[in-house]
Amino acid sequence: MMKAEENGFVLASAENFSLKKTFECGQCFRWNLCGDGTYEGVAYGRVLRIWEENGRIVCAAKDEDIPFWHDYFDLETDYSEISVPFSEPPYLRICAEFGRGIRILKQEPWETLCSFIISQCNNIPRIKRIISAMCRLFGEELEYGLYSFPSAQRIASLSEKDLSPLRCGYRTAYILDAARYVSSGMIDFDVLSKIPSYEAFAAIKKINGVGSKVADCFLLYGLHKMDRFPVDVWMKRALKEHFPEDYDPRVLGPHAGLAQQYIFYYTRTGGIS
DNA sequence: TTCCAGGACCGGG
DNA sequence: CCCGGTCATGGA
């Protein structure tokens, strides 16, 4: 399955795992391309460097972390298989072909929730800057220049004034409300991950500043509930222009969220990789 | 200057 | 249920 190479471990074939598409399709904000072509990121307080080499995806990580990363990239799932239902309408088929290689990451729930609260009415470069600053100011240093995402407990211990250097405006109060829900145990991610997605949806929306769209992003990217289909301005446009009137994404089945990711990536890039 | 960015909330119709 | 105004901030 995975064997040691000269410089690292082979995680997968590049055929079904595109680093560029996976990290730049809009689902995550903390993976960055380095000058040498490798991507560098942090998840669950672990650092990873990962790159493509001879048609394979290779990574540098601690040996004992390899199973973790294997799961993080959802490598047990056959994405070509679960993409079979995305054959129509024609626009969706084009999106799915264009996005082949995207993996839906199993991101840290709290980080995902917080990140998509920040994302509302904001642009991606600025979202990344705010999150980066949050980690640098309130996370723990792992290696030089790389920090963990601060825990909900840590954020809950802060005031609006403490968070003011982040310059995230009205979202500050939302972040604090979310941190209190999570740190107090009123919201328990382990519980949410085990109940039906529509129940988790209702529960997470109790947080001030978490509406339908942020809730769905949290469920899809943070709890890996693949049936959720976040609808933002880009999706509204795509649905209006390329799908039948009153189209219900639920017809896409239990992995509709992957279809959403294909559509979002294609629509945002204009089909230009 | 105005508009927009992976929205949410609130009020009124 | 849907509508418009409002909420900070920064870049184009």
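Quick caveat: nothing in here was measured; it's all calculated off a predicted structure.

Undergrad: In this structure, what is going on with the overall build of chain A? I would like to understand it.
TA: A tally of regular secondary structure across chain A gives 14 helices and seven strands. At 18 Å, chain A has a C-alpha radius of gyration in line with the 19 Å of a compact globule built from 273 residues. Counting only C-alpha atoms, chain A reaches 55 × 50 × 35 Å along its principal axes. Classification of the 273 residues of chain A by burial places 52% in the buried group. Within chain A, residue pairs in contact and separated by at least 24 positions form 69% of the contacts whose partners lie at least 6 positions apart. Summed over all atoms, the accessible surface of chain A reaches about 13300 Å², with 49% contributed by carbon and sulfur.

Undergrad: What is the right way to look at the pairing of strand β5 (residues 56-60) in this model?
TA: The side chains of a regular strand alternate, first on one face of the sheet and then on the other. With four bridges joining them, strand β1 (residues 9-13) and β5 adopt antiparallel strand pairing. Residue pairing for β5: V10 is matched across the bridge by V58. Direction of pairing for strand β4 (residues 46-53) relative to β5: antiparallel, over a ladder of five bridges. Its bridge partner being in β5, I50 is matched across the sheet by C59. A loop of two residues connects β4 with β5, the two strands running antiparallel in sequence, and N54 in this loop sits at a positive phi of about 55 degrees.

Undergrad: Can you help me understand the domain arrangement of chain A in this one?
TA: Frequently, the measure chosen for interface size is the accessible area removed from exposure when the parts meet. Domain parsing of chain A yields domain 1 (9-76) and domain 2 (109-222). The centre of domain 1, based on its C-alpha atoms, is set 23 Å off from the matching centre of domain 2. In this assembly, 13 residues from domain 1 lie in contact with 15 residues from domain 2. Our enumeration of links across domain 1 and domain 2 arrives at one salt bridge. Here R49 makes a salt bridge to E143, at a shortest N to O gap of 2.8 Å. Elements with a minimum of two residues in the side of domain 1 that touches domain 2: β2 (31-33), β3 (39-43) and β4. At three residues, β4 tops the list of elements feeding residues into the side of domain 1 that touches domain 2. Classifying every residue of the side of domain 1 that touches domain 2 by side-chain character gives five nonpolar, four polar and four charged.

Undergrad: Before we go on, may I ask you to explain helix α12 (residues 212-222) in this structure?
TA: Two residues of an α-helix separated by three or four positions point the same way, owing to the 3.6 residues in each turn. Of all the eleven residues making up α12, nine are buried; the element is thus mostly covered by neighbouring parts of the structure. For α12, the complete set of buried residues consists of V214, A215, D216, C217, F218, L219, L220, Y221 and G222. Of the surrounding secondary structure, the elements contacted by the buried residues of α12 are α5 (109-119), α10 (189-194), α11 (197-204) and α14 (256-269). Just past α12, the residue H224 takes up positive phi, approximately 55 degrees.

Undergrad: Please clarify how the protein's contact with DNA strand C should be interpreted in this entry.
TA: Lining the immediate environment of DNA strand C, one finds C121, R126, R129, R167, G169, Y170 and R171. The protein-proximal atoms of DNA strand C, defined as those within 4 Å of the protein, are 65% sugar or phosphate. One of the side-chain N or O atoms of R126 is found 3.0 Å from a base oxygen in DNA strand C. Within the contact set of DNA strand C, a sugar or linking oxygen lies 3.3 Å away from a backbone nitrogen or oxygen of Y170. Counted by class, the surface near DNA strand C contains two nonpolar, one polar and four charged residues.

Undergrad: Explanation requested: the packing of α5 against helix α6 (residues 124-138) in the structure shown.
TA: Helix packing for two helices is described by the angle between their axes and how far apart those axes are. Where α5 contacts α6, the axes come no closer than 9 Å and their chain directions differ by 135 degrees. Comparing the axis directions of α5 and α6 gives the class oblique. Pair α5 / α6 crosses with right-handed handedness. Along the contact surface, α5 presents C114, S115, I118 and S119, while α6 presents I127, I130, I131 and M134. Residue composition of the contact of α5 with α6, grouped by class: six nonpolar, two polar and no charged.

The rules behind each value
Residues numbered from 1 in each chain as written. Chains lettered and ligands numbered in written order. Predicted model: local features only at pLDDT ≥ 70, side-chain atom pairs only at ≥ 80, totals over all residues. Heavy atoms only, no water. Helix = DSSP H or I, 4+ residues; strand = E, 2+ residues; numbered from the N terminus. Rg over C-alpha atoms; globule rule 2.2 N^0.38 Å. Buried < 20%, exposed > 50% of the residue type's maximum accessible area, 1.4 Å probe, protein only. Contact = heavy atoms within 4.5 Å. Areas by Shrake-Rupley, 256 points an atom, 1.4 Å probe, with all protein chains shown as cover. Pairing = 2+ DSSP bridges. Domains from an automatic or database assignment. Salt bridge = Lys/Arg side-chain N within 4 Å of Asp/Glu carboxyl O. Nonpolar A, V, L, I, M, F, W, Y, C, P; charged D, E, K, R; others polar. Near = heavy atom within 4 Å. Polar contact = N/O pair within 3.5 Å; in protein donor to acceptor, adjacent residues only side chain to side chain. Axes fitted to C-alpha atoms, helices over the stretch in contact; angles between N-to-C directions. Parallel < 35°, antiparallel > 145°, perpendicular 65-115°, else oblique. Left-handed = near helix turned anticlockwise from the far one by under 90°.

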